[in-house]
Amino acid sequence: MATSRSLSVAAVAAVVALAMAAATAARPPTAAEAAATLSASVPYCSDPTKYNKTLDGMLIASTDMPAQISSMVVAVPTSVLVEYIFKANFVDWNPLFNTQATPPENVTLCGSLDAVYSNGQFLGPILPKNIIGPHYIVQKGCTPSCAGGKPDADADPCTCAFGWFFTINLVPSNEIVTYGRHTYTFEMNADNTTTVSSYERAAGKIVAAHSQPWTNALQESLIQGVQGMVCLERQYQEKGELDVDDVAAFAATSSRERASLRRSPTLAVALQVRDIHWSTSRRLCPSAGSGRRAPATTARALESLHTPRGQFVWIAL
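For every chain, the first residue of the written sequence is number 1, and numbering continues from 1 onward in sequence order. The predicted nature of this model means local features are confined to residues of pLDDT at least 70 and side-chain atom pairs, given and counted, to a pLDDT of 80 or more, with totals for whole chains, interfaces and linings taken over all residues. With hydrogens and water stripped out, all remaining heavy atoms of the structure feed into the side-chain values.

1. Focus: the nonpolar core
Argument step 1. Counting 36 residues, the largest nonpolar core has L81, I85, F97, F162, F186, M229 and L232 as its most contacted members.
Argument step 2. Each helix corresponds to a stretch of at least 4 residues labelled H or I by DSSP, and each strand to a stretch of at least 2 residues labelled E; elements are numbered beginning at the N terminus. For this core, the secondary structure elements donating two or more residues are β1 (68–74), α4 (78–85), α5 (90–93), β3 (115–117), β6 (159–170), β7 (176–188) and α7 (211–239).
Argument step 3. Take this core: its biggest share by element is six residues, from α7.
Argument step 4. With 14 residues, the next largest nonpolar core counts L127, I131, F166 and V207 among its residues. Side-chain atoms within 4.5 Å link the members of a nonpolar core, which is a set of buried Ala, Val, Leu, Ile, Met, Phe, Trp, Tyr and Cys residues. Burial status follows relative accessibility: with a 1.4 Å probe on protein chains alone, a residue under 20% of its type maximum counts as buried, one over 50% as exposed, and anything between as partly exposed.

2. Topic: the pattern of salt bridges
Argument step 1. When a carboxyl oxygen of Asp or Glu lies within 4 Å of a side-chain nitrogen of Lys or Arg, that pair is called a salt bridge. According to the stated counting rule, one finds three salt bridges in the structure shown.
Argument step 2. Among the ionic pairs, D47 bridges to K50, the shortest N-O distance being 3.9 Å.
Argument step 3. By relative accessible area, D47 is classed as partly exposed at 26%.
Argument step 4. E175 is the salt-bridge partner of K205, the closest N and O atoms lying 2.9 Å from each other.

3. Section: the state of the cysteines
Argument step 1. Note on terminology: pairs of cysteine sulfur atoms within 2.5 Å are recorded as disulfides. For the structure shown, the criterion picks out three disulfides.
Argument step 2. Here C45 is linked by a disulfide to C110, with a sulfur-sulfur distance of 2.0 Å. Around the S-S axis, the bridge from C45 to C110 shows a dihedral of about 115 degrees and counts as right-handed. In this pair, C45 is assigned in the loop between α2 (31–38) and α3 (53–61) and C110 in the loop between β2 (97–100) and β3, connecting sequence segments 65 residues apart.
Argument step 3. Overall, C110 belongs to the buried group, its relative accessible area being 18%.
Argument step 4. In this model C146 forms its disulfide with C158; the gap between the sulfur atoms is 2.1 Å. Sign of the S-S torsion, about 105 degrees for the bond between C146 and C158, identifies this disulfide as right-handed. Note that C146 is positioned in the loop between β5 (135–142) and β6 and C158 in the loop between β5 and β6, a separation of 12 residues in sequence.

4. Here we look at the side chain of R181
Argument step 1. Along the chain, R181 turns up in strand β7.
Argument step 2. At a separation of 2.9 Å, a polar atom in the side chain of R181 contacts the side chain of D56. Whenever two N or O atoms come within 3.5 Å, that pair is a polar contact, provided that in protein one can donate a hydrogen and the other can accept it, and provided that, for residues adjacent in sequence, both atoms are side-chain atoms.

5. A closer look at the packing of aromatic side chains
Argument step 1. Note on ring pairs: Phe, Tyr and Trp rings are taken, using the six-membered ring of Trp, and paired if centres are within 6.5 Å. Classes follow the plane angle, with under 30 degrees stacked, over 60 edge-to-face and the rest tilted. As enumerated under the stated definition, the model contains 13 aromatic pairs in all.
Argument step 2. Where W164 meets Y184, the ring centres are 6.3 Å apart and the plane angle is 55 degrees; that geometry is what we call tilted. Of this pair, W164 sits in strand β6 while Y184 sits in strand β7, and the two are 20 residues apart along the sequence. Grouping residues by exposure puts W164 and Y184 together as buried.
Argument step 3. A network of ring pairs unites the aromatic residues F86, F90, W93, F97, Y117, F162, W164 and Y184 as a single cluster.

Printed below as a string of structure tokens:
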């Protein structure tokens, strides 16, 4: 009887476990699950003064704001896309970056990332004046399985990650009042495309007190990252490569547009507080190789970007 009872209990436990597994598989991952699995296989910066694992764990568990997560399939081979992204020419492809003070060649694992971002219209009014906001590269690498250049059914998936962690500290106390990270991951697909995912979240008492502005700001970051990936896909489909000079060619006009926006207080908001900088601007993805950009838009509108695969991506501009 004892054996029969034990088997019965074990059988029930097995059924419950299977049911839970089925339920988990049927629903999208939670933000915490996505964060925990997004890029765990790619090593993090080992310097605890640059990457605080405890803070990152608190960030994953935080409910101060919803995590901003996107995933898209980009028709560029992973080796080509990652090689370009790792060159860290952010201004040339990602509208979130207006300028980048850290030279691309100095954007290394555990190194700093000082840049001017374009989503500060949401954050400027809510942040204290006497603050610093260091950003450090906490992931920049690929799993060993990427070395073969193609997916292997018998090996771990090829995954690359590029991410940075930031804190906002009061001066002179150095109290951390906000912390967060933004991570891009790149997964190789069998059809020579790349699944690109973006995870971004912030936490801390300022975020808890102003959840909506922080959510708005990171939504802008998400949208601009998606737009940038669409632009890179278009460039690759038309050119067959992601050449640094070609991608940079259509960024030149954008720099003049940004300068024009910054001169008009009715169209742009600029904030510079120590090493935290923001200014607002908009730019569209031009036709690859044209060297020309569509005129900067001054109103919020919906713009459809047609990708080479015949799909439409709607992006708020």
